[in-house]
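Tertiary structure, described
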Amino acid sequence: MYKRQGKSGQRKLRNSKIAIVGLGGLGCMVTTYLTAAGVGTLVLIDHDVVKLSDLNRQFLHWTTDIGKKKIVSAKRKLKLLNPEVEFVVYDEKIKNIETSEKIFENVDGIVDCTDSFEVRYLLNKIALKLNIPLFHGACGRFEGRATTIIPGKTACLMCIYPRAKTLKRSSILGSVAGTIGTIQATEVVKYITEKDDLLVNKLLIYDCKKMMFDVVKLKRNPTCEECGKK
């Protein structure tokens, strides 16, 4: 199954454990590619159910899954794709560090596929506390963003978005989520297999209307309330 990927990093992928928070547009793409790549264990976290409006971008969920839990819908398809991967599922929302920290113990990376800055900031705190890389992705309408956060080495999410607000849900072109999710999955595989040129201290911005990718250089804020003293 992994013949086209080469052998050098496959054992590292097999021995890795990655947590994906959110099984929407980003999460469906990330989990599909990490499952196909042969990541040993995937921890899936989502509390939501499938809705009709999800289907333009959340391709692991079908019309027959409407009303069902996303973790159930996604796991069933992913297991068919690659039975060798172990799936650990949590039907819950990330609400605070105290109750959620146990979920991320012993994982090698956290993939942020959420749509709420409240949850994103919590994942940032957890990643910093446990010293776990955070692969951030976000998208809306015709734009998407991605960056890879390495605690103690790169700007954290609070450095990048110190005053972000939770916005009302807007329309989104499904393929934008697919593009950003693919980038996140690629960053995870590159990190696990120890490849260079990750999106560290870089914010990739994708504009599908102009079909342009921009990369903005980032720098840690020495007075950041989350990572400034690390």
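See the structure shown above.
Residues numbered from 1 in each chain as written. Predicted model: local features only at pLDDT ≥ 70, side-chain atom pairs only at ≥ 80, totals over all residues. Heavy atoms only, no water.

1. Quick notes on the pattern of salt bridges
Under the convention used in this document: By convention in these notes, a salt bridge is any Lys or Arg side-chain nitrogen within 4 Å of a carboxyl oxygen on Asp or Glu. In this text, helices come from DSSP runs of H or I with a minimum length of four residues, and strands from runs of E with a minimum of two, each type numbered from the N-terminal end. In this scheme, a residue with accessible area under 20% of its type's maximum is buried, one over 50% is exposed, and one in between is partly exposed, where area comes from a 1.4 Å probe on protein chains only.
Evaluation of the coordinates by the stated rule reveals 14 salt bridges. K69 is paired through a salt bridge with D91; the nearest N and O atoms lie 3.2 Å apart. A residue pair is termed long-range when its members are at least 10 positions apart, and K69 in the loop between β2 (41–45) and α3 (70–81) and D91 in the loop between β3 (86–90) and α4 (97–100) qualify at 22 residues. With relative accessibility at 42%, the residue D91 sits in the partly exposed group. Residue K125 pairs with E226 through a salt bridge whose shortest N-O separation is 2.6 Å. Taken as a pair, K125 in helix α5 (residues 117–130) and E226 in the segment after β8 (212–217) lie far apart in primary sequence, 101 residues in all. Through salt bridges that share partners, D48, K51, D54, R57 and K70 make up one connected network.

2. Here's the deal with the state of the cysteines
Put simply, the rule reads: Any two cysteine sulfur atoms within 2.5 Å of one another count as a disulfide.
Per the counting criterion, the structure on display carries zero disulfides. C28 forms no disulfide, and the closest cysteine sulfur to it belongs to C113, at a distance of 9.2 Å. The thiol sulfur of C159 is not disulfide-bonded, and the nearest other cysteine sulfur, from C227, lies at 3.4 Å.

3. A closer look at the packing of aromatic side chains
The following threshold applies: Two rings from Phe, Tyr or Trp (for Trp, the six-membered ring) form a pair when their centres are within 6.5 Å of each other. A pair whose planes differ by under 30 degrees is stacked, one over 60 is edge-to-face, and the rest are tilted. Two thresholds decide whether a charge sits over a ring: the Lys NZ or Arg CZ must be within 6 Å of the ring centre and within 35 degrees of the ring normal.
Taken as a whole, this structure holds four aromatic pairs when the rule is applied. When the centroid spacing of 5.9 Å and the interplanar angle of 70 degrees are considered together, the rings of F135 and Y191 count as edge-to-face. A residue pair is termed long-range when its members are at least 10 positions apart, and F135 in strand β5 (residues 134–140) and Y191 in helix α7 (residues 174–192) qualify at 56 residues. On the basis of relative accessible area, Y191 is assigned to the partly exposed category, the value being 30%. Taken together, a centroid distance of 4.6 Å and an interplanar angle of 20 degrees make the contact between Y206 and F213 stacked. Judged by its relative accessible area of 45%, F213 is partly exposed. Among the aromatic residues, those joined into a ring-pair cluster are F117, Y121 and Y161. Here the guanidinium or amino end of K77 rests over the ring plane of W62, the centre of that ring lying 4.6 Å away. R120 extends its terminal NZ or CZ atom over the ring of F117, reaching a point 4.7 Å from the ring centre.

4. Regarding the nonpolar core
Heads up, the condition is: Residue types Ala, Val, Leu, Ile, Met, Phe, Trp, Tyr and Cys, when buried and joined through side-chain atoms within 4.5 Å, form a set referred to as a nonpolar core. Pairs of residues are marked as contacts when any of their non-hydrogen atoms sit within 4.5 Å.
In this structure, I18, I20, L34, L42 and V111 are the most contacted members of the largest nonpolar core, which totals 34 residues. Those elements that provide at least two residues to this core are β1 (17–21), α2 (25–37), β2, α3, α7 and β7 (202–207). Here this core takes seven residues from α7, the largest share from any one element. Residues contacting I18, with those up to four places away along its chain left out, are L34, V39, T41, L42, V43, D108, G109, V111, V188 and I192. With 33 residues, the next largest nonpolar core counts V21, I103, A155 and L218 among its residues.

5. Side note on unusual backbone geometry
With a phi angle near 65 degrees, D197 is a residue other than glycine that sits in the positive phi range. Tracing the sequence through the fold places D197 in the loop between α7 and β7. Residue D197 is classed as exposed on the basis of its relative accessible area of 65%. A positive phi angle is found at N201, which is not glycine, with a value near 55 degrees. Mapped onto the fold, N201 is located in the loop between α7 and β7. On the basis of relative accessible area, N201 is assigned to the partly exposed category, the value being 23%.

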